[in-house]
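The residues making up each chain are set out below.
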Amino acid sequence: MRIGIVAAAALLVAGTALASPAYVVHENLKQPSGYQKSHQPDPETKLSLRIYLAQTNLHLLPTWLMNVSHPDSPYYGKHWEPQQVADAFHNGEGLDEVRKWLVASGFDASRVVVGRNAGWVGVKDTTVSEVEGLLKCEYWVYNGPEGQHTGKPESRPSITETLKNQAAMTQYSVPADLADHIDFVLNTPPPQRKGKIEPVSTVKEAGQANITQILKQLDDCTAHTTPVCLRSLYGIIYEPSAVEKNSYGIVEYTPQAFVQSDLDDFFGNFSGDGGFYRGLSPIVVGIDGGFVQTDSRSFDYNGESNLDLQYGMEMVSSKQPVTLYQVGDIQIGEDVSILRNRGLTMIGASFNNFLDALDASFCGGEDPYYDAIYPDPTTGGYMGPPDCGTSKPANVISTSYSYNEAELSAKYMERQCWEYGKLGLMGVTVLYSSGDSGVAGNSDLCLDDHGEILELCRISLRLQIGFETYRGQRFNPSFPSSCPWVTSVGATMVTSHPPYPNSQESSNATTPSPDAARYVEQACEKIIYSGGGFSNVFPMPSYQSTLVNDYLKAYASTVQYGSAPGYRWNNTGTRAFPDISANGANYVVAVNGKFSLVYGTSASAPVVGGIFTLINDARIANGKTPVGFVNPSLYHPSFKKAFHDITVGGNPGCGTGGFRAVPGWDPVTGMGTPNFAAMMDRWANM
């Protein structure tokens with residue numbers, strides 16, 4: 001290893017011998033298959049150095065969250081204020097100690113910077129030589145395999161293209177007495193924005209809808225899902241009365257954008273207010289340069305946002321304002337064409353950017369390989385400062401975008417997952433769609449046979465040996481659905497079949513209306529399959545352990561597909577998802593002047609969000625608090641009749657039949673679909 005100039009300088013202090021602190025390896029990161037050391041970089045190569053502080057009291061967050069979220073808790077609904085949350089997890093001691101270490105290591109105090117939320121400490125204008133001396137590490141330039149990520153049929157485009165020929169290290173150390181204060185160290189060359197891994201929306205178009213047939217509505221719910229079908233199916237009869245104190249937010253990522261004329265067309269035909277929704281728009285909150293772009297029009301640009309808003313707004317009626325969190329800027333010119341030609345998306349921001357805007361205490365943890373960094377010097381990029389604590393969280397927030405766990409680093413996911421738990425402490429219900437590819441990940445990607453998870457060089461890049469692949473056999477869980485502190489929403493479909501043998505429908509739920517009695521739900525098996533399974537990262541939370549373990553005991557042996565237990569999916573007792581489902585098939589959506597048939601958990605998530613928003617309205621009208629983190633209630637025995645149990649269908653993928661819907665909880669539809677009246681009654685009395 002080259003001797004870093006900082007380390008050398010620290011030893012030459014006017015004849016005074018300084019004792020060096022004892023160092024311990026903080027992360028030992030393996031070199032992924034196919035990557036080879038090429039040469040050592042120029043010692044003066046510039047790096048971006050940030051030392052992220054470990055948050056205090058995270059081990060207590062599950063207990064605190066259960067206190068305000070569990071139906072049996074005497075503290076149910078007593079949510080925390082944002083400042084209480086920030087204070088509870090702030091690591092003030094760690095901040096001071098890390099800053100002292102940097103100065104003692106030879107960095108001038110003027111170069112040491114602290115993140116806006118005091119969550120990280122950095123050094124300006126560091127070089128490879130300086131970081132090697134500070135972290136007792138060694139940088140190399142790695143040559144990556146060629147042609148690994150060029151789109152189907154081999155694999156999805158990946159950030160590995162950006163990694164090639166960049167300086168990185170495979171191990172670093174920190175002083176032993178600081179190890180508990182440091183979460184991780186991020187030290188990378190400035191990334192190429194065009195290679196950033198993007199969240200993927202979960203919506204699919206499947207042809208045009210027949211408007212003549214649609215107008216029959218209740219006679220045609222098996223072929224065309226409209227708002228009246230959903231109200232009938234789930235028994236949604238409620239008129240909001242506390243709208244000024246209630247809130248519902250839907251998240252979109254630029255360049256995805258709604259079209260006002262499409263909203264007008266949809267509401268004009270299907271609104272419960274007889275068409276009086278025309279001209280009604282969401283309240284747009286732009287984050288990090290986010291805006292509703294109008295230059296590009298197609299289903300790919302408008303389908304997701306139109307779907308989310310048309311059904312999210314319709315479910316809560318025209319009385320309840322709906323907030324659109326429009327996140328991220330957009331690139332223009334040559335950069336966009338490069339992305340499109342490489343098969344990459346053009347989303348400007350990610351979940352961390354959104355969370356920064358909601359909670360100032362979270363700011364500063366962006367990883368340039370996943371998140372947008374602002375100001376953005378890219379052509380057409382947002383040149384303002386990043387939004388930090390600028391937007392108030394809505395009571396319910398629905399997002400229909402996701403990653404595959406295997407695309408992200410464990411530390412990146414863990415940090416973000418804790419933040420969702422903090423939002424739960426504040427009384428926020430966070431919903432994510434579970435995915436549309438069954439047990440496979442986005443783009444139908446599965447994990448290869450090796451299954452070994454590797455991380456390279458603390459650049460927050462998590463790789464699978466052989467990479468995610470279309471020919472893999474291991475199930476590929478979705479994130480954030482795999483986070484225990486979000487509510488994951490799966491998808492069903494409506495059929496006209498009579499009740500199936502052994503169906504729990506009649507025993508577990510009341511029939512919401514004579515119209516709904518004509519229809520039966522099963523797991524969605526048309527165009528899309530409900531995402532579900534078991535995390536490879538997060539442990540099983542206590543609130544779901546009884547029901548999920550019951551499932552594992554009864555059914556785990558039926559889904560091995562001839563392989564050894566635990567080969568295709570993680571059966572060691574990890575976070576299971578989804579938690580709840582709703583219809584995700586045959587949605588009639590106005591897109592660019594036409595009515596399209598749309599499928600996806602993208603559809604079910606905003607509908608479930610609308611249902612929880614109506615329940616919040618009833619609680620607020622009676623002087624109570626919002627439901628907040630709902631999962632402990634969903635799995636509670638007293639909520640058994642709050643669901644229509646789905647016992648038919650499955651979520652195939654990765655060359656298998658996936659899991660099957662069974663009585664009780666299952667990794668296809670979760671607890672089932674909502675019985676609105678029973679849910680309302682149960683939460684009204686809590």
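Refer to the structure printed above.
Definitions and cut-offs
Residues numbered from 1 in each chain as written. Predicted model: local features only at pLDDT ≥ 70, side-chain atom pairs only at ≥ 80, totals over all residues. Heavy atoms only, no water. Disulfide = S-S within 2.5 Å. Helix = DSSP H or I, 4+ residues; strand = E, 2+ residues; numbered from the N terminus. Buried < 20%, exposed > 50% of the residue type's maximum accessible area, 1.4 Å probe, protein only. Polar contact = N/O pair within 3.5 Å; in protein donor to acceptor, adjacent residues only side chain to side chain. Contact = heavy atoms within 4.5 Å. Arc of directions from axis to C-beta. Salt bridge = Lys/Arg side-chain N within 4 Å of Asp/Glu carboxyl O.

J.: What is the right way to look at the state of the cysteines in this model?
T.: Under the defined criterion, the tally for this structure stands at 4 disulfides. Covalent S-S linkage joins Cys-417 and Cys-483, the inter-sulfur distance amounting to 2.0 Å. The sign of the 85° torsion about the S-S bond sets the Cys-417-Cys-483 disulfide as right-handed. Of this pair, Cys-417 sits in helix H13 (residues 410–425) while Cys-483 sits in the loop between strand S20 (478–479) and strand S21 (487–495), and the two are 66 residues apart along the sequence. On the basis of relative accessibility, which here comes to 3%, the residue Cys-417 falls in the buried class. By relative accessible area, Cys-483 is classed as buried at 0%. Each sulfur of the disulfide joining Cys-446 and Cys-654 lies 2.1 Å from the other. Disulfide Cys-446-Cys-654: torsion about the S-S bond near -100°, hence left-handed. In this pair, Cys-446 is assigned in the loop between strand S17 (429–433) and strand S18 (453–455) and Cys-654 in the loop between strand S30 (643–644) and strand S31 (673–674), connecting sequence segments 208 residues apart. Like Cys-446, the residue Cys-654 is buried in the burial classification. Indicated for the protein is the disulfide connectivity 1-2, 3-4, 5-7, 6-8, based on numbering the bonded cysteines in sequence order.

J.: How should I be thinking about the side chain of His-636 in this particular structure?
T.: Along the chain, His-636 falls in the loop between helix H17 (631–634) and S30. At 3.0 Å, the side chain of His-636 and the side chain of Asp-72 are in polar contact. Once you skip the residues sitting within four places of it in the chain, His-636 turns out to touch His-70, Pro-71 and Asp-72.

J.: What is the right way to read the environment of Thr-226 from this model?
T.: Tracing the sequence through the fold places Thr-226 in the loop between helix H7 (211–214) and helix H8 (227–234). Given a relative accessible area of 0%, Thr-226 falls into the buried group. C-alpha of Thr-226 to C-alpha of Ser-271: the two residues are 45 residues apart in sequence and 9.6 Å apart in space.

J.: In this structure, what is going on with helix H18 (residues 676–684)? I would like to understand it.
T.: Structural remark: α-helix, 3.6 residues per turn; residues separated by three or four positions point the same way. Every buried residue of H18 is listed here: Phe-676, Met-679, Met-680 and Trp-683. Taken down its axis, H18 places every buried residue within 100° of arc, on the same side. Residues of H18 that are buried in the fold lie against H8, strand S27 (580–583), helix H16 (601–621), H17, S30 and S31.

J.: What exactly am I supposed to notice about the pattern of salt bridges here?
T.: Opposite charge on two side chains permits pairing when their charged atoms draw close. Tallied over the full model, the rule gives 9 salt bridges. Where Asp-183 meets Lys-411, a salt bridge forms, and the shortest distance between an N and an O atom there is 3.6 Å. One end of the pair, Asp-183, is in strand S9 (residues 182–188); the other, Lys-411, is in helix H13, and 228 residues separate them in sequence. Accessibility expressed as a relative area gives 22% for Lys-411, which makes it partly exposed. A salt bridge links Arg-231 to Glu-314, with the shortest nitrogen-to-oxygen separation between them at 2.9 Å. Taken together, the residues span a long stretch of sequence, with Arg-231 in helix H8 and Glu-314 in helix H10 (residues 299–316) at a distance of 83 residues. Its relative accessible area of 22% is what places Arg-231 among the partly exposed residues.

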